[in-house]
Amino acid sequence: MAMADITKANQTRADQIPGTQAGRARTTDENPVKRFFRATEIDTRLLGMVGALIIIWLGFQVLTGGLFDGLFLKPRNLWNLTVQTSSVAVMATGMVLVIVTRNIDLSVGSVLGFCGMIMGVLQAQVLPQYLGLGHPATWAITLACGIAVGGAIGALHGSIIAFLNVPAFIVTLGGLLVWRGATWFVTSGQTVAPMDATFRLMGGGTEGSIGATASWIVGFLACIAIVGAILNSRKQRKRFGFPLRPVWAEYFLSILGCALVLGAVAVANHYYWPVNIARRYADANGIAWPDGGLQISHGIAIPVLVAIVVGIVMTFIATRLRFGRYVFALGGNPEAAELAGIKTRWVTVKIFTLMGVLCAIAAAISTARLNAATNAQGELDELYTIAAAVIGGTSLAGGVGTIAGAMIGALVMQSLQSGMVLLGIDTPFQRIVVGVVLVTAVWLDTVYRARAK
């Protein structure tokens, strides 16, 4: 009873505070939409980007044959779209941290091409001399060496920027030219192919996907992780006395997240192997060919899983680790961050090193998907990577950006390109559209920040 009396007394005193009454009045006066977004804490800017993506998809669906007969929303196109987005999405997660600190990296496409060529030469020419063809360790050694090269290049860029005080724009512009030229000198302009069979799995394709059963398992595990994360967030809020979301909002977010995951898995599983490949598979395994054909689901592509894992890890780094807090503090106010004792120069070096590692991972995906390392690999990827980060809500003024937003931005960029290809639009006009979208995104970011102030 004593505790109940104390709680009642505290509630009475809280009701007598003008600010509390005003806050409750504002909550009561809000329209249902504002109350919904306040309760669920959904990022309205991110939601707007998702809305724009849906509009783009529906628009291309109608233009390619009608709402119900169009080509864009077919499982085959959506599956290929996610695979094509993977390499840029991986690099966009690192570009967020670079731009948040008020820097820029124009060299990512060239670094991708150089790392891809190094990995191609290793597995096609160097390692077979020592390990033999098809050795099971070839892909692992190749990937490790590629990541080491990418990290070293990023560390070099970061050191020049941080300790020699050369602007990031100039350093990475030089890197764009240097590493593109170095790519040519590795093989004197020759294309290197084919890649190791295991390495090729990182590029997707019929063999580079996990199938229907494994995809459903991954989907259900993701649903469990979503629900667990929401429950853990509520537990932590309660522990530290932070405001709690309404229970209905927690249920809504859980159901929405699980529905999106399971829907994506269903779409991936509805894209089946081509008839010729399925027939060869049936003949090789002694499977009788049914009258309706053999339908074998691709499932989720391995490069998509790689991009998702990278996104989760980068989100954890940006939001849960001390390094992530240092990055956003440096972007928000570099002088204050340095006065607070943050070693800003080393933070810059680490950011660009991480960017180089992500370029190497993207190079592995791209090289595996092409089954070759070429001199043109990664050209203009710096444009798509920067555009993905900016469209995803990363402010060029620094201090603001999200990993999830950048990955959705990469999907927006690739959706535009894929839709225009389906419509038969020429490449020069595609670049015009991409340029217009990028300028528009920066303008919207300027308007959004002005209103926020």
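Reading guide: rules and limits
Residues numbered from 1 in each chain as written. Predicted model: local features only at pLDDT ≥ 70, side-chain atom pairs only at ≥ 80, totals over all residues. Heavy atoms only, no water. Helix = DSSP H or I, 4+ residues; strand = E, 2+ residues; numbered from the N terminus. Buried < 20%, exposed > 50% of the residue type's maximum accessible area, 1.4 Å probe, protein only. Contact = heavy atoms within 4.5 Å. Areas by Shrake-Rupley, 256 points an atom, 1.4 Å probe, with all protein chains shown as cover. Lys, Arg positive; Asp, Glu negative; His and termini not counted. Charge placed at Lys NZ, Arg CZ, Asp CG, Glu CD. Salt bridge = Lys/Arg side-chain N within 4 Å of Asp/Glu carboxyl O. pLDDT = per-residue confidence, 0-100. 1 Å grid on protein atoms, 1.4 Å probe; cavity = no way out; pocket = protein on both sides within 12 Å on 5 of 7 lines; lining within 4 Å. Points joined across faces, edges and corners; volume = space filled by probe spheres on them. Nonpolar A, V, L, I, M, F, W, Y, C, P; charged D, E, K, R; others polar. Phe/Tyr/Trp six-rings, centres within 6.5 Å; stacked < 30°, edge-to-face > 60°. Lys NZ or Arg CZ within 6 Å of the ring centre and 35° of its normal.

K.L.:
With reference to specific residues and values, describe the overall build of the protein chain.
P.N.:
Along the backbone of the protein chain there are 18 helices and 0 strands. For the protein chain, the spread of C-alpha atoms along the three principal axes comes to 80 × 65 × 45 Å. Among the 453 residues that make up the protein chain, the fraction classed as buried is 42%. Here the contacts in the protein chain between residues at least 6 apart in sequence split such that 77% fall between residues at least 24 apart. Per element, the accessible surface of the protein chain, about 23500 Å² overall, is 67% carbon and sulfur. For the protein chain, the centre of its 32 positive side-chain charges and the centre of its 20 negative side-chain charges are spaced 9 Å apart.

K.L.:
Residue-level account of the pattern of salt bridges, with values.
P.N.:
Two side chains bearing opposite charge may form a pair once their charged atoms approach each other closely. Inspection of every chain in the model, using the stated rule, returns 4 salt bridges. Note that Arg-237 and Glu-41 form a salt bridge whose closest N and O atoms lie 2.6 Å from each other. Highlighted residues: Arg-237 in helix α9 (residues 211-240) and Glu-41 in the loop between α3 (32-40) and α4 (44-63), separated in sequence by 196 residues. A relative accessible area of 17% places Arg-237 in the buried class. The class for Glu-41 is partly exposed, based on a relative accessible area of 42%. Bridged by salt links that share partners, the residues Glu-41, Arg-234, Arg-237, Arg-245 and Glu-250 form one connected network.

K.L.:
An account of the confidence of the model for the protein chain is requested, with residue identities and associated values reported.
P.N.:
On average, residues of the protein chain score 89 in pLDDT, and 93% of them are at 70 or above. A low-confidence stretch, residues 1-27 (pLDDT under 50), is modelled with 6 contacts involving residues beyond four sequence positions or located in other chains.

K.L.:
Tell me about the layout of surface pockets, and please be specific about residues and values.
P.N.:
Roughly 660 Å³ of volume is contained in the second largest pocket. Along its surface, the second largest pocket is lined by 26 residues, and Arg-369, Glu-379, Asp-381, Tyr-384 and Gln-417 are the ones closest to its centre. It is helix α17 (residues 403-422) that provides the largest number of residues to the lining of the second largest pocket, a total of 7 residues. For the lining of the second largest pocket, the per-class residue count stands at 10 nonpolar, 12 polar and 4 charged.

K.L.:
Mind laying out the packing of aromatic side chains, listing which residues take part and the relevant values?
P.N.:
Scanning the model with the defined rule gives 12 aromatic pairs in all. Through a chain of ring-to-ring contacts, three or more aromatic side chains come together here, namely Phe-36, Phe-37, Trp-248 and Phe-252. The ring of Trp-289 carries the charged tip of Arg-279 above its face, separated from the ring centre by 4.3 Å.

K.L.:
Give me the lowdown on the side chain of Thr-206, citing residues and values where you can.
P.N.:
Along the chain, Thr-206 falls in the loop between α8 (168-187) and α9. Beyond its immediate sequence surroundings of up to four residues, Thr-206 is in contact with Trp-273, Pro-274, Ile-277 and His-298.

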